[in-house]
Amino acid sequence: SEGELARGIDPFANEKIPIDEGTNGGIAQLFVGGLPFSYGDVDVFELFQKYGSVYSTTIARDRRSGRSRGHAFVNMASLEAARNAIGALNGRVIKESYGSSQNRNNGRMLRVELRSQGSQKKSSRRKI
């Protein structure tokens, strides 16, 4: 509903997003690994919007600390836009916005790929 969107809640976040390779390109969901831990949803949105319309971004976060796990899912408006983003961003090194300039490993290499329909993991919680 409109109220949910105004509060920043994506009502479609848990929906399985289809990849439709028909004439309109459909919606494509991308997996993005190797993100700087300092990146938030807005940073990811801005990074991807250069290559086409972005419907939503979801940063994977640690359940206990709430900190980024360094990967995200991006829903793009078309398969063409998703392929443009993959071509431009896959393998690109993104520097952290903090840290020592003497640290050689202060950049992370992005891995950007289409998330296939069958790759959504089922919950595998262990009882402790």
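Quick note: structure is the one above.
Please read all numbers here as calculations on a predicted model, not as lab measurements. (Residues numbered from 1 in each chain as written. Predicted model: local features only at pLDDT ≥ 70, side-chain atom pairs only at ≥ 80, totals over all residues. Heavy atoms only, no water.)

Novice: Which residues make up the side chain of Ser68, and what are the values?
Specialist: In this structure, Ser68 sits in strand β3 (residues 68-76). Side-chain polar atoms of Ser68 contact the backbone nitrogen of Gly70, separated by 3.0 Å. In this structure Ser68 touches Phe37, Tyr39, Ile59, Ala60 and Arg61, once residues within four positions along its chain are discounted. (Helix = DSSP H or I, 4+ residues; strand = E, 2+ residues; numbered from the N terminus. Polar contact = N/O pair within 3.5 Å; in protein donor to acceptor, adjacent residues only side chain to side chain. Contact = heavy atoms within 4.5 Å.)

Novice: Any chance you could break down the pattern of salt bridges for me, citing the residues and the numbers?
Specialist: With the rule as written, the count across this model stands at one salt bridge. Residue Glu113 is joined to Arg111 by a salt bridge in which the shortest nitrogen-to-oxygen separation is 3.4 Å. Here Glu113 falls in the partly exposed class, since its relative accessible area comes to 35%. For Arg111, a relative accessible area of 43% translates into the label partly exposed. (Salt bridge = Lys/Arg side-chain N within 4 Å of Asp/Glu carboxyl O. Buried < 20%, exposed > 50% of the residue type's maximum accessible area, 1.4 Å probe, protein only.)

Novice: Describe the environment of Leu35, with residues and values.
Specialist: With respect to the helices, strands and loops of the structure, Leu35 is situated in the loop between β1 (28-33) and α2 (41-49). The spatial distance from the C-alpha of Leu35 to the C-alpha of Arg69 is 8.5 Å, given a sequence separation of 34 residues. Ignoring any residue separated from it by four or fewer positions in sequence, one finds Leu35 in contact with Val44, Ile59, Gly70, His71, Ala72, Arg108 and Leu110.

Novice: Account for the environment of Glu80, naming residues and giving values.
Specialist: Position of Glu80 among the secondary structure elements: in helix α3 (residues 79-89). The spatial distance from the C-alpha of Glu80 to the C-alpha of Tyr51 is 9.1 Å, given a sequence separation of 29 residues.

Novice: Before we move on, can you summarise the sheet that holds β1 with the specific residues and values?
Specialist: The sheet built from four strands is open, its strands ordered β2-β3-β1-β6 with antiparallel pairing. Two strands lie at the open edges of the sheet, namely β2 (54-61) and β6 (111-114), each paired on one side alone. In this sheet, neighbouring strand axes are inclined to one another by 20 degrees on average, regardless of whether the strands run parallel or antiparallel. In terms of strand pairing, β2 meets β3 through six bridges, oriented antiparallel. Bridging across to β3, Ile59 finds its partner in Ala72. Across the sheet, α2 lies against β1, β2, β3 and β6, angled at about 135 degrees from β2, the strand it touches most. (Pairing = 2+ DSSP bridges. Axes fitted to C-alpha atoms, helices over the stretch in contact; angles between N-to-C directions.)

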